[in-house]
Amino acid sequence: MGEKTFYIGCHLSFSKGYESMGVQALEIGANAFQYFSRNPRGGAAKEFDKSDADKLLDIAGSNGFAPFLVHAPYTFNPCSADAGLRDFARAAMGEDLLRQQNLPHSYYNFHPGSHVGQGREKGISLIAELLNGILFDGQSTVVLLETMSGKGSEVGSSFGELAEIMEKVELNQKLGVCLDTCHVYSAGYDIVGNLDGVLEEFDSEIGLEKLKAIHLNDSMTPFNSRKDRHAKIGEGSIGLEAVARIINHPKLSCLPFYLETPNDPDGYAREIALLRSLREI
Ligand code: FE
Ligand code: FE
Ligand code: ZN
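Fair warning: this is a prediction, and the values are worked out from it, not measured in the lab.

Colleague: Can you help me understand the packing of helix α1 (residues 18–27) against helix α2 (residues 50–62) in this one?
Modeller: If you want to describe how two helices pack, look at the angle between their axes and the distance between the axes. At a minimum axis separation of 6 Å, α1 and α2 run at an interaxial angle of 25°. In terms of their interaxial angle, α1 and α2 are classed as roughly parallel. Contact residues: Tyr18, Glu19, Gly22, Val23 and Leu26 in α1; Asp52, Ala53, Lys55, Leu56 and Ile59 in α2. The residue makeup of the contact of α1 with α2, split by class, is 6 nonpolar, 1 polar and 3 charged.

As structure tokens, this is what we get:
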């Protein structure tokens, strides 16, 4: 048995509520999970059910779960050219963060967005502006910017862009980063051939202490393809050996890993078992 806990899990559906996700996680051998804060298409959030959430907190506490990773709808565009769409994202994300005050032990992950022709600099300042509008003193949740693949006009596919956003945010002690292995590999960070070098670059641009979570995915497309197509673990261009190095890397092995691979629950259970077998520490 290793000295360090291996926090491994996957994306789960919130449709049956909080306790149900804890039960599902245990069934598939997970001690970590992610879910969408609301319908990914951006609909209204469920009303907060405290007794249901308390049951999840019990399960998580007695089984030593990693923080819940709450994912904002990927349809939100914090740097849209349309002020109405930016306002919509800001209002919903602000509401999500307030709800998360009732759910300690969680992170809030979002996609920085696409600048849609306004240019990187404009995109970066709009994203920072949105964050300055929703972060607050006393906030219990750390908000994570997700590393993006760079498809289209996505902002946040380089560590430098994420650092620039964070520098413009006043309460940036409330910010962290979630590294998506499929996205960074597609964005041109060679985590297969030079994982140490990529982590050094992350450390010098952003600071490794800001890295809070890993989205663990293989990629259906080649290195530096700037596409965003997740593959099952070991079935893509990243491959099983590189995945094993990632989960065992001394600078990453303490972090929670969340699978977002194309799987049903049985497939996730098999992937989690495979990853546990590859864990060396
Ligand atoms: Fe994501
Ligand atoms: Fe992701
Ligand atoms: Zn993705």
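Moving on from the coordinates now.
Colleague: Sorry if this is basic, but what is going on with the sheet that holds strand β4 (residues 106–110) here?
Modeller: Hydrogen bonding along the main chain pairs the strands of a sheet, whether they run parallel or antiparallel. Strand order around the closed barrel formed by 8 strands is β1-β2-β3-β4-β5-β6-β7-β10, with parallel pairing between neighbours. Between one strand axis and the next, the sheet turns through 30° on average, direction left out of account. Against the sheet, helix α5 (residues 159–167) makes contact with β5 (142–146) and β6 (175–180), and its axis sits at roughly 160° relative to β6, the strand it touches most. This element, helix α9 (residues 265–278), spans β1 (8–11), β7 (211–216) and β10 (257–259) of the sheet and lies at about 155° to β1.

Colleague: When you look at the coordination of the iron ion (ligand 2) in this model, what are you seeing that I'm missing?
Modeller: When a metal holds four donors in a tetrahedron, each ideal angle between them is 109.5 degrees; when it holds six in an octahedron, the ideal angles are 90 or 180 degrees. Note on the iron ion (ligand 2): its protein donors are Glu146 (OE), Asp180 (OD), His215 (ND1) and Glu260 (OE). The metal-donor distances range over 2.0 to 2.3 Å. Classification of the site at the iron ion (ligand 2) as irregular follows from its 4 donor atoms and the range of 83 to 169° in their angles at the metal. Mapped onto the polypeptide sequence, the residues donating to the iron ion (ligand 2) form the spacing pattern E-x33-D-x34-H-x44-E. The metal-metal distance between the iron ion (ligand 2) and the iron ion (ligand 1) comes to 3.3 Å, with Glu146 coordinating both. Of this pair, His215 sits in strand β7 while Glu260 sits in the loop between β10 and α9, and the two are 45 residues apart along the sequence. Accessibility classification places His215 together with Glu260 in one group, the buried group.

Colleague: Help me out: how do you make sense of the packing of aromatic side chains in this one?
Modeller: Each pair of aromatic rings is reported with the distance of its centres and the angle of its planes. For the structure shown, the criterion picks out 13 aromatic pairs. When the ring of Tyr18 is compared with that of Tyr35, the centres are 6.2 Å apart and the planes differ by 90°; the resulting orientation is edge-to-face. In this pair, Tyr18 is assigned in helix α1 and Tyr35 in strand β2 (residues 32–36), connecting sequence segments 17 residues apart. For the residue pair Tyr18 and Tyr35, the accessibility class agrees, reading buried in each case. Judged by centre distance (5.8 Å) and plane angle (85°), the rings of Phe76 and Phe88 are edge-to-face. Placement of Phe76 in the loop between β3 (68–71) and α3 (83–100) and of Phe88 in helix α3 is noted, with a sequence separation of 12 residues between them. You can call Phe88 partly exposed: its relative accessible area is 44%.

Colleague: What is the right way to look at the environment of Lys50 in this model?
Modeller: Structurally, Lys50 can be placed in helix α2. When the C-alpha positions of Lys50 and Asn102 are compared, they lie 7.8 Å apart, and in sequence the two are 52 residues distant.

Colleague: Quick question: what am I supposed to make of the coordination of the zinc ion (ligand 3) here?
Modeller: At the metal site, the zinc ion (ligand 3) is ligated by His183 (NE2), Asp228 (OD) and His230 (NE2), and these contacts range over 2.0 to 2.3 Å. A distance of 5.3 Å spans the gap from the zinc ion (ligand 3) to the iron ion (ligand 1). Highlighted residues: His183 in helix α6 (residues 181–186) and His230 in strand β9 (residues 230–231), separated in sequence by 47 residues.

Colleague: How should α9 be read in this particular structure?
Modeller: One full turn of an α-helix is made of 3.6 residues, so residues set three or four places apart face in the same direction. For α9, built from 14 residues, the straight-helix expectation of 20 Å at 1.5 Å per residue is met to within 8% by its first-to-last C-alpha distance of 20 Å. Along α9, the residues classified as buried are Gly267, Tyr268, Glu271, Ile272 and Leu275. Along the axis of α9, the buried positions cluster into a sector of 135°, meaning they face one direction only. Set apart from the buried face of α9 by more than 90 degrees, the exposed residues are Asp266, Arg270 and Ser277. Contacts from the buried residues of α9 go to β1, β7, α8 (239–248) and β10.

Colleague: Explanation requested: the pairing of β1 in the structure shown.
Modeller: Look at any regular strand and the pattern is simple: side chains alternate between the two faces of the sheet. As paired strands, β1 and β10 are joined by 3 bridges and run parallel to one another. By the bridge assignment for β10, Cys10 is matched with Leu259. Of the strand pairs in this sheet, β1 and β2 are connected by 3 bridges, and their pairing is parallel. Each residue of the ladder has a partner; that of Cys10, found in β2, is Phe33.

About the thresholds
Residues numbered from 1 in each chain as written. Chains lettered and ligands numbered in written order. Predicted model: local features only at pLDDT ≥ 70, side-chain atom pairs only at ≥ 80, totals over all residues. Heavy atoms only, no water. Axes fitted to C-alpha atoms, helices over the stretch in contact; angles between N-to-C directions. Helix = DSSP H or I, 4+ residues; strand = E, 2+ residues; numbered from the N terminus. Parallel < 35°, antiparallel > 145°, perpendicular 65-115°, else oblique. Contact = heavy atoms within 4.5 Å. Nonpolar A, V, L, I, M, F, W, Y, C, P; charged D, E, K, R; others polar. Pairing = 2+ DSSP bridges. Donors = N, O, S within 2.8 Å, 3.2 Å for Na, K, Ca; no water. Tetrahedral: all angles 85-135°; square planar, octahedral: opposite > 155°, others 65-115°. Buried < 20%, exposed > 50% of the residue type's maximum accessible area, 1.4 Å probe, protein only. Phe/Tyr/Trp six-rings, centres within 6.5 Å; stacked < 30°, edge-to-face > 60°. Expected span 1.5 Å × (residues − 1). Arc of directions from axis to C-beta.

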